[in-house]
Amino acid sequence: MGVVRTIALVILSISFVVFVALFGRLPAFRRTPIAFLHRLLWHHIPNGVIFVDQKLSGRRLTRGLSRLGNYLMNEAHPVVLIFFVTLQVAGELLFIPSAWNRLTTLQTITIPVLVVAPYWCLYLSATTSSNITAGNHRKAMLAYPYDYCLFHPGYYCSTCRFPKPARSKHCSLCKACVQKQDHHCIWINNCVGRNNYIWFNLLLLTIAALLAYAATLGHTLLDAQLQERLVPSALTRGSFTAKRWSTRLTWTQWANMWAWAIGVDWQIGAVMMLCMMSCPLALGFLIYHIYLMWAGMTTNESAKWADWKEDVQDDIVWRAEVQRLRETYPRLPSDVEPEDRLVQWPQDVRAKWWMVRTRDGEQPTFKKTGSQIQDDTEASDVPDERWMRVRSMREVDNLYDQGFWTNFVDGMFNRE
Ligand SMILES: [Zn+2]
Ligand SMILES: [Zn+2]
């Protein structure tokens with residue numbers, strides 16, 4: 001029991017630290033202990049180590065580590081992808097051979113399908129690019145309209161040197177602007193974007209299915225082992241009152257029996273425990289992405305929306321009708337802001353409101369020019385009455401949210 005508990009605790013702790021390290025900065029965790037732990041992990045502890053190293057070796061150790069860390073964090077590399085594949089292969093090599101003789105025909109048919117599917121989706125997720133190139137830039141510009149909130153026309157990527165299409169984001173790891181960028185995923189060593197979003201979601205689905213199946217199958221096999229050992233069928237054959245092995249055991253006895261079974265069949269036991277613990281993670285991600293599709297946003301956009309929400313609470317957000325602003329801010333050239341009718345998105349769905357946040361929270365101003373100026377005092381900035389303060393996020397529409405089903409179809413099938 002002691003060993004099993006230790007292994008479980010170690011795996012749980014490592015999972016928790018990895019979770020905090022990777023996701024502690026998500027807007028959902030702002031002002032929670034998770035965000036604090038994230039800061040402790042990435043900021044306070046490294047600073048402490050640097051301080052000690054400064055005293056001991058004049059920062060030689062931490063400089064080397066920081067070069068390695070810099071490479072691991074800021075360059076695209078397949079280390080995590082290799083770890084991911086190794087974990088899968090090792091788990092399957094441990095589990096399948098030792099379980100094979102005890103499987104039913106249906107199970108021997110199901111397993112190859114469930115094993116191959118994640119590799120196939122992983123391969124497609126990792127190799128399908130959503131990068132914007134000179135060749136597909138125009139098409140990318142026509143994929144989504146600007147919503148004049150998260151995405152305004154007229155912004156250029158300083159690296160790629162072309163106008164940023166709506167919903168795109170430059171990825172410093174992929175060294176490219178990515179269409180409908182969701183996030184850069186280190187597990188697939190690629191950005192999740194417009195073209196591989198379907199494969200990424202299928203990867204989550206197939207991995208979750210594989211993990212759930214392996215956990216259930218492992219449980220069934222070990223449970224059968226316990227039944228055979230504790231209530232041998234040879235002795236109870238033909239009896240309708242044969243008991244389940246776990247009947248009338250205390251919790252401690254029950255746990256001890258399981259520890260015994262896991263210890264005897266350790267290949268199946270270890271993989272089963274790992275699957276039980278990692279399945280909720282894969283499932284959690286899948287549910288999060290289904291939620292994002294329901295809300296009509298990408299992971300990148302969810303962070304932007306969280307910022308807008310805070311700015312609205314701080315009373316610094318203003319909006320004006322796009323049509324009314326056209327008097328002073330005409331449309332940009334068609335290669336920077338494509339004509340509405342060319343953009344592939346329901347024709348009646350275009351930005352109505354132009355959103356801005358002002359640094360001081362004051363109403364945006366405009367300068368009177370030429371004939372509008374009657375005396376010197378009017379030459380200065382005057383409040384632009386077309387702008388109205390946004391008091392609640394309820395006043396704000398998400399242009400990219402067309403209802404779950406449409407968002408789902410767009411996410412899966414609106415590909416290049
Ligand atoms: Zn770029
Ligand atoms: Zn990327």
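In this numbering scheme, every chain counts its residues from 1 along its sequence in written order. For this description, chains carry letters from A and ligands carry numbers from 1, given in the order in which they are written. It should be noted that, the model being predicted, local features are given only for residues of pLDDT at least 70 and side-chain atom pairs only at 80 or more, the latter also being counted only at that level, while totals for whole chains, interfaces and linings use all residues. Each side-chain value is worked out from all heavy atoms of the structure, with water and hydrogens disregarded.

Comments concerning the overall build of the protein
Part 1 of the argument: Scanning the protein from N- to C-terminus turns up 13 helices and nine strands.
Part 2 of the argument: The globule rule is 2.2 Å times the number of residues to the power 0.38, and the radius of gyration it is compared with is taken over C-alpha atoms. Taken against the 2.2 N^0.38 rule, which gives 22 Å for 416 residues, the C-alpha radius of gyration of the protein at 28 Å runs more than 25% over that of a compact globule.
Part 3 of the argument: Burial classes: relative accessible area under 20% of the type maximum marks a residue as buried, over 50% as exposed, and values in between as partly exposed (1.4 Å probe, protein chains only). Burial analysis of the protein (416 residues in total) assigns 40% to the buried set.
Part 4 of the argument: Contacts are assigned to residue pairs with any non-hydrogen atoms lying within 4.5 Å of each other. If you take every contact in the protein between residues at least 6 apart in sequence, the share linking residues at least 24 apart comes to 69%.
Part 5 of the argument: Total accessible area on the protein stands at roughly 24,300 Å², and carbon and sulfur atoms take up 63% of it.
Part 6 of the argument: For this count, His and the chain ends are skipped, Lys and Arg are scored as positive, and Asp and Glu as negative. Where a charge lies is defined by one atom per residue type, namely NZ (Lys), CZ (Arg), CG (Asp) and CD (Glu). Looking at charge distribution, the protein has the averaged site of its 43 positive side-chain charges lying 10 Å from that of its 34 negative ones. Segments assigned H or I by DSSP are reported as helices when at least four residues long, segments assigned E as strands when at least two residues long, and all are numbered from the N terminus. Surface exposure here means Shrake-Rupley accessible area, sampled with a 1.4 Å probe, where a residue is shielded only by the protein chains that are shown.

Some remarks on the packing of aromatic side chains
In this description, an aromatic ring pair is defined by two values, namely the gap between the centres and the angle between the planes.
Part 1 of the argument: Note on ring pairs: Phe, Tyr and Trp rings are taken, using the six-membered ring of Trp, and paired if centres are within 6.5 Å. Classes follow the plane angle, with under 30 degrees stacked, over 60 edge-to-face and the rest tilted. One pass over the structure, following the stated rule, counts 19 aromatic pairs.
Part 2 of the argument: When the centroid spacing of 4.8 Å and the interplanar angle of 55° are considered together, the rings of Tyr 148 and Trp 354 count as tilted. Of the two residues, Tyr 148 is situated in the loop between helix H6 (137-141) and strand E1 (169-171) and Trp 354 in strand E6 (residues 353-357); the sequence distance between them amounts to 206 residues.
Part 3 of the argument: Overall, the relative accessible area of 4% leaves Tyr 148 in the buried class.
Part 4 of the argument: Counting as a charge over the ring demands two things of the Lys NZ or Arg CZ atom: a distance within 6 Å of the ring centre and an angle within 35 degrees of the ring normal. Its end group placed over the ring of Tyr 144, Arg 167 keeps NZ or CZ at 4.8 Å from the ring centre.

Some words on the sheet that holds strand E9 (residues 388-389)
Part 1 of the argument: A strand pair is defined by DSSP finding two or more bridges across the two strands. On the basis of which strands lie adjacent, the open sheet formed by three strands has the order E6-E5-E9 and antiparallel pairing. Only two strands of the sheet have a single partner each, and these edge strands are E6 and E9.
Part 2 of the argument: The pairing of strand E5 (residues 317-321) with E6 spans five bridges and is antiparallel. Residue pairing for E6: Val 317 is matched across the bridge by Arg 357.
Part 3 of the argument: The angle between two axes is taken between their N-to-C directions and runs from 0 to 180 degrees, where each axis is a line fitted to C-alpha atoms and a helix contributes only its stretch in contact. Along the sheet, helix H11 (residues 299-313) makes contact with E5 and E6, crossing E6 at roughly 75°.

Brief notes about the UniProt feature "transmembrane region" (unreviewed entry) in the protein
Part 1 of the argument: Mapped onto this numbering, the UniProt entry annotates "transmembrane region" (unreviewed entry) at residues 6-24, 79-100, 197-216 and 266-288.
Part 2 of the argument: Taken end to end, residues 266-288 comprises 100% helix and 0% strand; its first and last C-alpha atoms sit 33 Å apart. UniProt positions are given in the numbering used here, feature names are shortened, and annotations may be inferred rather than shown by experiment.

Re the coordination of the zinc ion (ligand 2)
Part 1 of the argument: Think of the donor list as every N, O and S atom within 2.8 Å of the metal, or within 3.2 Å for Na, K and Ca; water never makes the list, so a site can look incomplete. Taken together, Cys 171 (SG), Cys 174 (SG), His 184 (ND1) and Cys 191 (SG) make up the full set of protein donors to the zinc ion (ligand 2), lying 2.1 to 2.3 Å away.
Part 2 of the argument: Only four donors with every angle between 85 and 135 degrees are called tetrahedral; only four or six donors with opposite donors over 155 degrees apart and all others between 65 and 115 are called square planar or octahedral, in that order; all others are irregular. Relative to the metal, the four donor atoms surrounding the zinc ion (ligand 2) lie at angles of 103 to 117°, and the coordination shape comes out tetrahedral.

Quick word on unusual backbone geometry
Part 1 of the argument: The backbone of Arg 161 shows a phi angle near 60°, a positive value even though the residue is not glycine.
Part 2 of the argument: Inspection of the secondary structure puts Arg 161 in the loop between H6 and E1.
Part 3 of the argument: Exposure remark for Arg 161: the relative accessible area of 67% places this residue in the exposed category.
Part 4 of the argument: Located in the positive-phi region is Lys 175, a residue other than glycine, with phi close to 55°.
Part 5 of the argument: With respect to the secondary-structure elements, Lys 175 resides in the loop between E1 and strand E2 (176-178).

Looking at the side chain of Thr 206
Part 1 of the argument: Among the secondary structure elements, Thr 206 is positioned in helix H7 (residues 197-230).
Part 2 of the argument: With residues up to four places along the chain from it excluded, the contact list for Thr 206 reads Ala 117, Pro 118 and Cys 121.

Topic: the packing of helix H4 (residues 79-99) against helix H5 (residues 105-127)
Part 1 of the argument: Contact pair H4 / H5: the axes reach a minimum separation of 12 Å and the direction vectors enclose 170°. It follows from the interaxial angle that H4 and H5 lie roughly antiparallel. Residue-level inspection shows Leu 81, Phe 84, Val 85, Gln 88, Val 89, Glu 92 and Ile 96 of H4 in contact with H5, the latter providing Ile 111, Val 115, Pro 118, Tyr 119 and Leu 122.
Part 2 of the argument: Residue type decides the class: Asp, Glu, Lys and Arg count as charged, Ala, Val, Leu, Ile, Met, Phe, Trp, Tyr, Cys and Pro as nonpolar, and the leftover types, Gly among them, as polar. When the residues that make up the contact of H4 with H5 are grouped by side-chain class, the tally is 10 nonpolar, one polar and one charged. Put simply, angles under 35 degrees are roughly parallel, angles over 145 are roughly antiparallel, angles from 65 to 115 are roughly perpendicular, and the rest are oblique.

What to know about the coordination of the zinc ion (ligand 1)
Part 1 of the argument: Summarising the metal site, the zinc ion (ligand 1) is bound by the protein donors Cys 157 (SG), Cys 160 (SG), His 170 (ND1) and Cys 177 (SG), whose distances to it range over 2.0 to 2.3 Å.
Part 2 of the argument: Classification of the site at the zinc ion (ligand 1) rests on its four donor atoms, whose angles at the metal span 103 to 120°, yielding the label tetrahedral.
Part 3 of the argument: When the donors of the zinc ion (ligand 1) are listed by position in the chain, the intervening gaps give C-x2-C-x9-H-x6-C. Neither residue differs from the other here; His 170 and Cys 177 are each classed as buried.

Details of the domain arrangement of the protein
Part 1 of the argument: Domain limits in this description derive from either an automatic procedure or a database domain assignment. Assigned domains of the protein: these are domain 1 (1-75), domain 2 (77-130 + 180-295) and domain 3 (299-401).
Part 2 of the argument: One C-alpha centre belongs to domain 1, the other to domain 2, and the line joining them spans 27 Å.
Part 3 of the argument: Taken together, the contact between domain 1 and domain 2 spans 12 residues of the former and 12 residues of the latter.
Part 4 of the argument: Defined in terms of a 1.4 Å probe, buried area is the accessible area two parts forfeit on being brought together, summed over both. Regarding the contact of domain 1 and domain 2, the summed buried area is about 1,000 Å², with carbon and sulfur atoms giving 84% of it.
Part 5 of the argument: Should a side-chain nitrogen of Lys or Arg be within 4 Å of a carboxyl oxygen of Asp or Glu, the pair is scored as a salt bridge. Connecting domain 1 to domain 2 are zero salt bridges.

Section: helix H13 (residues 404-413)
Part 1 of the argument: Turning to H13, its buried residues number three or more, namely Asn 407, Asp 410, Gly 411 and Met 412.
Part 2 of the argument: Where H13 is buried, its residues touch H7 and helix H10 (266-295).

A closer look at the environment of Val 18
Part 1 of the argument: With respect to the helices, strands and loops of the structure, Val 18 is situated in helix H1 (residues 2-23).
Part 2 of the argument: Given the relative accessible area of 38%, Val 18 is considered partly exposed.
Part 3 of the argument: Along the primary structure Val 18 and Ala 208 are separated by 190 residues, whereas in three dimensions their C-alpha atoms are 18 Å apart.

Points about the pattern of salt bridges
Part 1 of the argument: Taken as a whole and assessed by the stated rule, the structure comprises 16 salt bridges.
Part 2 of the argument: Between Lys 175 and Glu 75 there is a salt bridge, and its shortest N-O distance comes to 3.4 Å. You can see Lys 175 sitting in the loop between E1 and E2 and its partner Glu 75 sitting in the loop between helix H3 (60-74) and H4, a full 100 residues away along the chain.
Part 3 of the argument: A salt bridge links Glu 337 to Arg 326, with the shortest nitrogen-to-oxygen separation between them at 3.3 Å. Of this pair, Glu 337 sits in the loop between helix H12 (322-325) and E6 while Arg 326 sits in the loop between H12 and E6, placing them 11 residues apart in sequence.
Part 4 of the argument: Sharing partners across several salt bridges, the network here consists of Arg 326, Arg 331, Glu 337, Asp 340 and Arg 350.

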